[in-house]
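# Fold and geometry: a report
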Amino acid sequence: MTRPRVLACLAVVTMTAAATGVAQTPIGREVAVARHLQDGEELTMPLRGLIRFGEEVFRANWTTQEGAGRPLVKGTGAPLADSTRPLVFPRNFNRVSAPDANSCAGCHNAPFGIAGGGGDVVANVFVLGQRFDFAAFDTSDPTGTGSSVDESGTQTTLQSIANSRATLGMFGSGFIEMLARQMSTDLQRIRDATSPGGARQLMSKGVSYGVIARHADGTWDTTGVEGLPAASVATTGPQDPPSLLIRPFHQAGNVVSLRQFTVTAFNHHHGIQATERFGQDADPDGDGFVNELTRADVTAATIFQATMAVPGRVIPRDRAIEAAVVLGEQRFATIGCATCHRPSLPLDDTGWIFTEPSPFNPDDTLRPGDAPTLAVNLMDPRLPQPRLRPVQGVVHVPAFTDLKLHDICDGPDDPNIEPLDMNQPHGSPSFFEGNRLFLTRKLWGVANEPPYFHHGQYTTLREAVLAHGGEADGSRALFKALPASEQDAVIEFLKTLQVLPPGTPFRVVDERGLPRLWLGMYGEHSGRPGS
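Conventions we followed
- Residues numbered from 1 in each chain as written.
- Predicted model: local features only at pLDDT ≥ 70, side-chain atom pairs only at ≥ 80, totals over all residues.
- Heavy atoms only, no water.
- Helix = DSSP H or I, 4+ residues; strand = E, 2+ residues; numbered from the N terminus.
- Polar contact = N/O pair within 3.5 Å; in protein donor to acceptor, adjacent residues only side chain to side chain.
- Contact = heavy atoms within 4.5 Å.
- Expected span 1.5 Å × (residues − 1).
- Buried < 20%, exposed > 50% of the residue type's maximum accessible area, 1.4 Å probe, protein only.
- pLDDT = per-residue confidence, 0-100.
- Pairing = 2+ DSSP bridges.
- Salt bridge = Lys/Arg side-chain N within 4 Å of Asp/Glu carboxyl O.
- Phe/Tyr/Trp six-rings, centres within 6.5 Å; stacked < 30°, edge-to-face > 60°.
- Lys NZ or Arg CZ within 6 Å of the ring centre and 35° of its normal.

Okay, the side chain of Thr307 next. Looking at the element boundaries, Thr307 is found in the loop between α8 (295-306) and β6 (312-314). For Thr307, the side chain forms a polar contact with the main-chain oxygen of Ile303, separated by 2.7 Å. In this structure the side chain of Thr307 is engaged in a polar contact, spanning 3.4 Å, whose partner is the backbone oxygen of Phe304. Aside from chain neighbours lying at most four places away, what touches Thr307 is Ile51, Val376, Leu378, Leu383, Pro384 and Arg387.

This is the structure in structure tokens:
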């Protein structure tokens with residue numbers, strides 16, 4: 001029972017300059033980020049400098065001398081179930097319940113070692129494992145969410161304690177978030193125009209999200225809404241309409257913005273806590289450090305991710321491959337893959353101006369009015385290349401998604417079903433019923449960001465195609481009915497969707513990185529810089 005006292009002593013000894021207000025000599029210090037941004041600096045420093053600092057934060061290998069670790073809290077931010085066993089050595093790292101990484105770039109680094117990219121299966125994250133103190137699978141420990149006993153009192157296994165998810169790249173994510181903002185706004189306008197006793201089709205950018213209805217007493221009926229997570233359709237009465245928010249991050253559509261994703265991940269994976277969620281000069285994790293990530297730090301990390309280059313296409317100068325790609329594009333559409341993996345979605349009304357904070361951020365993340373708005377033009381030529389460009393006032397974002405949740409699993413025994421539903425309250429019966437709804441995978445960049453599927457257990461694109469069930473069963477059947485040569489052509493088309501080497505100014509290149517003129521059916525028809 002002496003551990004908390006030892007921890008308290010440790011906290012006093014390791015108190016940072018940020019906590020004490022006293023300048024420290026750099027001699028002997030071991031920190032990844034020598035100086036943090038002060039709130040307000042993000043509004044005055046040059047854009048390139050802000051992005052460079054954001055990448056520094058993203059690449060930082062955090063140490064215990066700057067707040068790495070979270071001795072007294074879970075990755076959810078809640079206190080440990082058993083505070084007598086703090087998460088200090090040898091319990092300071094845990095692959096399942098986390099902290100599980102030293103840096104963001106430790107997992108997000110593919111291809112080409114690009115910070116912010118995807119990751120091998122070794123970098124999979126155990127989503128929802130962070131609700132446990134320390135996942136040791138100790139069957140003699142009865143503590144709920146302590147070692148291996150879940151909220152229902154059931155002993156878990158490695159397969160049931162969490163959802164193993166592949167690490168995805170953040171390429172082009174600024175455009176993705178802005179699409180989600182515009183589409184959420186469209187759905188909310190339709191909702192607000194729905195009178196008691198009426199019903200309206202929810203449609204944005206050609207994507208249908210079903211029907212919103214109201215009963216005569218004004219209460220909301222969301223039974224006809226489709227493709228949105230539970231939190232987006234929740235309502236308690238006439239004065240509490242469903243938010244209808246499109247949440248474009250996390251493979252189950254759980255996170256609304258890059259900022260929310262960033263603040264959550266820093267605490268979950270590294271034990272680095274942002275002031276906007278955990279409080280100014282507060283130390284809820286008991287490590288003796290405060291202000292571990294400033295508002296300005298989070299903004300820089302968010303802008304770094306939002307301004308990452310967009311993926312492109314690599315089309316070899318081989319006549320046989322070219323012909324296969326053309327045919328593959330056509331079959332991708334005719335067998336119905338493009339119904340969900342929509343080749344592009346339009347951003348209009350200057351939707352390429354990315355602003356921080358997002359108007360849809362949750363209450364525990366920076367919101368408009370909490371700080372001045374920072375605006376970044378995603379078309380700025382100073383940003384990492386290649387980029388998208390508007391055509392007649394519209395930017396067509398070729399991400400191959402509809403930003404909608406779909407059931408892509410077969411019967412109840414489909415191994416692709418996740419054991420837990422992250423969009424339900426932790427520990428509730430529906431939470432343990434599992435998840436079979438996944439956000440349509442963004443296919444831009446897919447070919448050189450393996451492994452595939454939400455769990456990353458497929459090593460080939462063909463395996464991933466054949467694993468589609470549920471709503472995609474018809475398209476899978478049509479794919480399987482194609483002649484072998486046409487199946488190969490679809491795969492060859494998918495192989496062209498790649499993240500390009502850093503600094504590539506063209507969106508369509510050949511195998512040597514030289515620009516290509518390509519008259520494909522999805523509008524990738526120019527090798528000019530920025531096209």
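Next up on the list: helix α6 (residues 258-270). If you check α6, its first and last C-alpha atoms are 17 Å apart, about what 13 residues at 1.5 Å a residue would give, namely 18 Å. The element α6 is extensively covered by neighbouring structure, given that 12 of its 13 residues are classed as buried. Those residues of α6 that are buried are in contact with α3 (47-59), β1 (125-127), α4 (173-192), α7 (275-278), α8 and β8 (353-356). In the stretch just after α6, Gly271 is the one whose phi turns positive, near 75°.

Scored by pLDDT, the protein chain comes out at a mean of 94, with 94% of its residues at no less than 70. Low pLDDT, under 50, characterises residues 1-22; the stretch is placed with 31 contacts to residues that sit more than four places away or in other chains.

Whether parallel or antiparallel, the strands of a sheet pair through hydrogen bonds between backbone atoms. Taken together, three strands build an open sheet; the order of strands is β13-β6-β14 and the sheet is mixed. Of all the strands in the sheet, the pair left with one neighbour each is β13 (497-498) and β14 (508-509). Relative to β14, β6 runs parallel, the two being bridged by two bridges. Paired with Val314 across the bridge in β14 is Val509.

Our next topic: the pattern of salt bridges. Scanning the model with the defined rule gives 27 salt bridges in all. Measuring nitrogen to oxygen at the nearest pair gives 2.9 Å for the salt bridge that ties Arg295 to Glu42. Taken together, the residues span a long stretch of sequence, with Arg295 in helix α8 and Glu42 in the loop between α2 (17-20) and α3 at a distance of 253 residues. Glu42 carries the same exposure label as Arg295, and that label is buried. Taken together, the shared-partner salt bridges in this structure form one network comprising Asp82, Arg85 and Asp141.

Turning to the packing of aromatic side chains, a few remarks are in order. According to the stated counting rule, one finds seven aromatic pairs in the structure shown. Pairing Phe453 with Tyr458 gives two aromatic rings, centres 5.3 Å apart and planes at 70°, and the pair type is edge-to-face. Three or more aromatic residues link up through ring pairs in this structure, and these residues are Phe332, Phe400 and Phe493. The cationic tip of Lys404 hangs over the ring face of Tyr209; the distance from NZ or CZ to the ring centre is 5.8 Å.

Moving on to the environment of Pro248. The residue Pro248 is located in the loop between α5 (230-233) and α6 in this model. Sequence separation between Pro248 and Ala180 is 68 residues; the distance between their C-alpha atoms is 6.4 Å. Setting aside chain neighbours within four positions, we find Pro248 in contact with Ile176, Glu177, Ala180, Val255, Val256, Leu403, Leu439 and Lys442.

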